[in-house]
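# Observations on chain architecture
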Number of protein chains: 4
Amino acid sequence: DRVIYELKPTGRKHTPLLDNYNMNGPKRGHAVIINNESFHWTTGMNKRVGTDVDAQNLKRTFTKLGFKVHKHKDTSCIDLLEILQDMAAKDHTGSDCFVCAILSHGDDGCVYGTDGIIKIRKLVDMFRGDICPSLAGKPKIFIFQACRGTKHEIPVPPAQDVVDGPMADEDDEFHTVVVDSGPTPTLPSASDFLFCYSVAEGYYSHRDTLYGSWYVQDFTSVMNSLVFKEGSESVDFLDVLTAVHRRVSERRVERTMSQSALGKKQMPCFLSMLTKKLYFSKKAK
Amino acid sequence: DRVIYELKPTGRKHTPLLDNYNMNGPKRGHAVIINNESFHWTTGMNKRVGTDVDAQNLKRTFTKLGFKVHKHKDTSCIDLLEILQDMAAKDHTGSDCFVCAILSHGDDGCVYGTDGIIKIRKLVDMFRGDICPSLAGKPKIFIFQACRGTKHEIPVPPAQDVVDGPMADEDDEFHTVVVDSGPTPTLPSASDFLFCYSVAEGYYSHRDTLYGSWYVQDFTSVMNSLVFKEGSESVDFLDVLTAVHRRVSERRVERTMSQSALGKKQMPCFLSMLTKKLYFSKKAK
Amino acid sequence: DRVIYELKPTGRKHTPLLDNYNMNGPKRGHAVIINNESFHWTTGMNKRVGTDVDAQNLKRTFTKLGFKVHKHKDTSCIDLLEILQDMAAKDHTGSDCFVCAILSHGDDGCVYGTDGIIKIRKLVDMFRGDICPSLAGKPKIFIFQACRGTKHEIPVPPAQDVVDGPMADEDDEFHTVVVDSGPTPTLPSASDFLFCYSVAEGYYSHRDTLYGSWYVQDFTSVMNSLVFKEGSESVDFLDVLTAVHRRVSERRVERTMSQSALGKKQMPCFLSMLTKKLYFSKKAK
Amino acid sequence: DRVIYELKPTGRKHTPLLDNYNMNGPKRGHAVIINNESFHWTTGMNKRVGTDVDAQNLKRTFTKLGFKVHKHKDTSCIDLLEILQDMAAKDHTGSDCFVCAILSHGDDGCVYGTDGIIKIRKLVDMFRGDICPSLAGKPKIFIFQACRGTKHEIPVPPAQDVVDGPMADEDDEFHTVVVDSGPTPTLPSASDFLFCYSVAEGYYSHRDTLYGSWYVQDFTSVMNSLVFKEGSESVDFLDVLTAVHRRVSERRVERTMSQSALGKKQMPCFLSMLTKKLYFSKKAK
Ligand SMILES: [Zn+2]
Ligand SMILES: [Zn+2]
Ligand SMILES: [Zn+2]
Ligand SMILES: [Zn+2]
């Protein structure tokens, strides 16, 4: 069990030094998953083969945590903004927190809808405490599995392999790894936001066409081990992310259609404006 | 003491899910403090009154943690680069980690030497594991107490108040608060780096001319309470930073020479590329 | 009449020092006008009242110059990209040059479709000589009447005033001036491109809700005086733009709904990668 | 309905449509040449072999035009700012115009002093009409021969070849061509400024170690042919720049130490905020 830090009583009135966000509200809260796989030709963006696996993994994980999950496939810019606007307009009273995961292409401070780019700042600002008061003081978690769209290899394997192939062993021939250089994680920021990036500036983001992205794979696996395992108690979410960093940073490309991808490393990062400790456990019914 | 998470044995060989950085080496390591107060007139930058208090606070804190502290006042760009180059060229074998704190003006991805600007990326890249191998796999912590230089109020109080005045009560007339909008925390990044910012994008950074910056004040106070207090054990450094976020975000400007500063809030942030948990305790002799 | 510069014959073979683009081909070429007035609510962008007047003015001007004009109202991002893609895919053999005018909101290197933003670089690159060979070596002119979208006043006057009002005197009550700070004119660039901006960085763009934007008003008027007037010969297009700079820079806001707009100046600019002199005259039939 | 644009004579007083800057004042004005060849090791910048030739060429050209030329070699950031500050503080009454040429390394909106970077905006703003009133309404010309510093080949030939070698034929072995990708020409801007860039975004800048940069070579040669030749009259300076664009864009790398430089093209550009036509002729005594 965790150490409890106390402040000596002083003349000044202080909040306790290390408080936890309240994660025992009547509801866990909403989780939105934006899963963009196919893009209009005018964008020049490739199909993101493997993203459905990511979306499914995240849906399972957040459902197990007690979130009400909203999964959206192939959203245009207007769709995406309307979905998040609707979400920000909801009454989150009684919710512990809010999660938004965006699986798409990315580019310098932007993510792709199926028909173009949106500034991340625009998406995030809707959930600031002053604009969405029922989330004020509650953790707002954004997860970006996004790769820079302009330098894509041609990674799409024959469709039948992906769609119809048997669940492949790790050494089979039916999947490949896509490597992209990552977008810059510049982000608007405000109290109680946490931004989780699959890839830090100057590194590469990898997506396995069969198993999904390295980042979501390892996030899912770490959550399973730390939070959902028999006998687990509540787990510090920053520890989860740190463990994901470790896992992803130890991977290396073993198979890819692009020679230049071999040996390219991936390094995730997170940016925290949290003001309390954030623990997740299985939600009590 | 802390929970230890284990992975079920699988076919794949994994490192443990949640490891700690080894903080029990023969030496804690080096800590560099760059304390820039006065700037050449060509830069157009004001004197950063109060920064000496910050530098002294950080020196005490890092000394107590067992660091060998190197404090430098009013460094030019070349000085600053040479100081860090010398540091990166040292043999850090046997050190637990490395710390660099920069107290200066800042501007879009840059910090100020006394005679101009330097890209933060340039400073940080010297310490990447591939370039400075004796720090590879060890935590590299950068702390930025930097405010955007171009929108400064004229805050300098009479010199004797700052230098000679008695230790002032919080309601005295001898100090004031400087408010700046913050620089964008875009950062180069690599495995095992941790970047701690006094202020996130879109928020304001505050420096009390008598007590030093809010961020360093609260960092010092939280370290004292959590790490240095009688009976404290080792403390997760991300918890320290989270507590600092809390403290700083609860402050508000009560006195300033600039009307427009009243009510301006400050929100710090940190960006983590850490791959293990980072605990600090008093260094065993 | 203009000076003709000659090079002394040398060992090296040179093109003449000052050549003119050939503007006497069988066709003048295509001119595209993108006229975006109304934007989807998710963009947060105001209606650009007055832009129809700009579009009509530009259409008349380019028609008089002999261009085949394609005017498009309220184009989405996909529409806009498809329109320009179609244009770039045309065979421009026999055309003198190409013009594209975009009347919309803008933002840091982007322009707005009705549903979101597009990078200007993406629009422009389609017309590079290596990608659109039938335009290689010919002038490619882009005109941007775009204002930064995020700081709009609320300028929309009652609809009937704009639509039905009698030809208003300059002192009437039926129009107003909208002031925006301008976007940064960073542009991709390549041989034989010319980019004409209504507003340079750090200045303000103005649109009269009744007469259209200052820039297009003055462009139209200068073209009328220099090119279309009885007895005019061919006119250096950079002289036209310089005259427009003069006119626009001499204007000042006399009436606006926003107090802060009073006295705000506008400064247009152009960026030239032209390699020959560009003359326009009335196209010989 | 609206829009009747003819230039009827109106009550409003207009300046003439196409005026020339007055270039017949008692003095031509000051021209500053910043010639940075060697850089402090902390900058990581290579020696810019060949830049002395550029500086000498520009000095001759501007002297012939009647400028009082101030040439400075290897200026630190503070030196550079002080030199320009002194220049901006001069009384330019009676001067026709002002020129500043900077020969150095460059990087995203910055140029290098010998010890670090300076924002171009900072240099330019000193000469704005509101800050330097004796230059208000007069052309202010900035020339940047600057290449991005971070991707330099290792181009330095043996010193004796450069210094002592006989005037080499174009096929000799004593010079080589350095190729860099160019900086982004984003610029602050204000009325009556003209910014001349050796290289536009996305293109490459070339410097011959024996003859100097392509851009300054061609600028010098075009000025000689158009302005200084027996019998020349006054010449439109934008025509000069257009001719330089032509010359530079027709060059190709024939010899270089870096294979990847072969065939790399260079495309200069200029950005005009001029409000009148700018003619140069030999200054009448
Ligand atoms: Zn991508
Ligand atoms: Zn500052
Ligand atoms: Zn606008
Ligand atoms: Zn260079």
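Every value quoted in this text rests on a predicted model; they were computed, and no experiment measured them.

### Considering the packing of aromatic side chains
Across all of its chains, the model carries 58 aromatic pairs over all chains by this definition. Pairing F98 of chain C with F127 of chain C gives two aromatic rings, centres 4.4 Å apart and planes at 15°, and the pair type is stacked. Of this pair, F98 of chain C sits in strand 3 (residues 98-107) while F127 of chain C sits in the loop between helix 3 (120-125) and strand 6 (140-148), and the two are 29 residues apart along the sequence. Just above the ring of F193 of chain A sits the side chain of K140 of chain A; from NZ or CZ to the centre is 5.4 Å.

### A word on the nonpolar core
When a protein is soluble and globular, its nonpolar side chains tend to lie buried together. Counting 82 residues, the largest nonpolar core has F237 of chain A together with F237 of chain B as the members making the most contacts within it. Not counting the four nearest positions on each side in its chain, F237 of chain B is found in contact with I141, L194, C196, F219, M223, L278 and F280 of chain B.

### A look at the relation of the copies chain A and chain C
After a rotation of 180° and a shift along the axis of 0.0 Å, chain A superposes on chain C with an RMSD of 0.0 Å. On this basis, the relationship between the two copies can be described by a two-fold rotation axis. Using C-alpha coordinates, one finds that chain A approaches the rotation axis most closely at I117 of chain A, a distance of 3.3 Å. A shared binding surface is used by both copies, with 100% of the interface residues of chain A retained as interface residues in chain C.

### Focus on the interface of chain A and chain C
Counting residues at the interface gives 17 residues for chain A, matched by 17 residues for chain C. When chain A packs against chain C, close to 1,500 Å² is buried across both sides, 60% of that on carbon and sulfur atoms. Counting the surface chain A buries against chain C, the share from its top three residues, T42, I78 and I117 of chain A, is 32%. Taken together, chain A and chain C are joined by 2 salt bridges.

### Describing the confidence of the model for chain A
All names here are of chain A. When pLDDT is averaged along chain A, the result is 79; 74% of the residues meet or exceed 70. Low pLDDT, under 50, characterises residues 149-174; the stretch is placed with 48 contacts to residues that sit more than four places away or in other chains. Scored below 50 in pLDDT, residues 180-188 makes 46 contacts in the model with residues more than four places away or belonging to other chains. The ipTM assigned to the predicted complex is 0.81, against a pTM of 0.83.

### A short note on the side chain of Q217 of chain C
Residue and element names in this part refer to chain C. Among the secondary structure elements, Q217 is positioned in helix 5 (residues 214-226). At 2.8 Å, the side chain of Q217 and the backbone oxygen of G212 are in polar contact. Polar side-chain contacts of Q217 include one of 3.3 Å to the side chain of R251.

### What about the packing of helix 5 (residues 214-226) of chain A against helix 6 (residues 237-250) of chain A?
All names here are of chain A. Axis separation between helix 5 and helix 6 bottoms out at 9 Å; the angle between their running directions is 130°. Considering the angle they form, helix 5 stands oblique to helix 6. In the packing of helix 5 onto helix 6, the handedness of the crossing is right-handed. Across the interface between the two elements, W214, Y215, D218, F219, S221, V222, M223 and L226 of helix 5 pack against F237, V240, L241, A243, V244, R247 and V248 of helix 6. Within the contact of helix 5 with helix 6, the residues separate by chemical class into 12 nonpolar, 1 polar and 2 charged.

### Topic: the pairing of strand 1 (residues 30-35) of chain B
All names here are of chain B. With respect to burial, strand 1 is a largely interior element, 6 of its 6 residues being buried. Because side chains alternate across strand 1, one face comprises the buried residues H30, V32 and I34, and the other comprises A31, I33 and N35, equally buried. The parallel pair strand 1 and strand 2 (residues 68-73) is bridged by helix 1 (residues 51-64), and the resulting crossover is right-handed. Summarising the sheet, strand 1 and strand 3 (residues 98-107) pair through 5 bridges and their orientation is parallel.

### Structural notes on the pattern of salt bridges
Any two side chains of opposite charge can pair if their charged atoms end up close together. This model, assessed by the stated rule, comprises 48 salt bridges over all chains. Between R246 of chain A and D19 of chain B there is a salt bridge, with its nearest N and O atoms 3.7 Å apart. Of this pair, R246 of chain A sits in helix 6 while D19 of chain B sits in the segment before strand 1, each in a different chain. By relative accessible area, R246 of chain A is classed as buried at 7%. R128 of chain C is the partner of D125 of chain C in a salt bridge, and the nearest nitrogen-oxygen pair spans 3.8 Å. For R128 of chain C, a relative accessible area of 17% corresponds to the buried category. A network of salt bridges, in which partner residues are shared, links R121, D125, R128 and D130 of chain A.

### A look at the pairing of strand 3 (residues 98-107) of chain D
Residues and elements named next belong to chain D. Strand 3 sits mainly inside the fold: 10 of its 10 residues count as buried. Pairing analysis gives 2 bridges linking strand 3 to strand 4 (residues 110-113), with the strands arranged antiparallel. Bridge pairing links G106 to V111 in strand 4. The antiparallel pairing of strand 3 with strand 4 creates a hairpin that spans 2 residues between the two strands, and D108 there sits at a positive phi of about 20°.

Parameters and conventions
Residues numbered from 1 in each chain as written. Chains lettered and ligands numbered in written order. Predicted model: local features only at pLDDT ≥ 70, side-chain atom pairs only at ≥ 80, totals over all residues. Heavy atoms only, no water. Phe/Tyr/Trp six-rings, centres within 6.5 Å; stacked < 30°, edge-to-face > 60°. Helix = DSSP H or I, 4+ residues; strand = E, 2+ residues; numbered from the N terminus. Lys NZ or Arg CZ within 6 Å of the ring centre and 35° of its normal. Core = buried A, V, L, I, M, F, W, Y, C linked by side-chain atoms within 4.5 Å. Buried < 20%, exposed > 50% of the residue type's maximum accessible area, 1.4 Å probe, protein only. Contact = heavy atoms within 4.5 Å. Least-squares fit on C-alpha atoms with pLDDT ≥ 70 in both. Buried area = accessible area lost by both parts, 1.4 Å probe. Salt bridge = Lys/Arg side-chain N within 4 Å of Asp/Glu carboxyl O. pLDDT = per-residue confidence, 0-100. Polar contact = N/O pair within 3.5 Å; in protein donor to acceptor, adjacent residues only side chain to side chain. Axes fitted to C-alpha atoms, helices over the stretch in contact; angles between N-to-C directions. Parallel < 35°, antiparallel > 145°, perpendicular 65-115°, else oblique. Left-handed = near helix turned anticlockwise from the far one by under 90°. Nonpolar A, V, L, I, M, F, W, Y, C, P; charged D, E, K, R; others polar. Right-handed = clockwise from strand over helix to strand, strands pointing away. Pairing = 2+ DSSP bridges.

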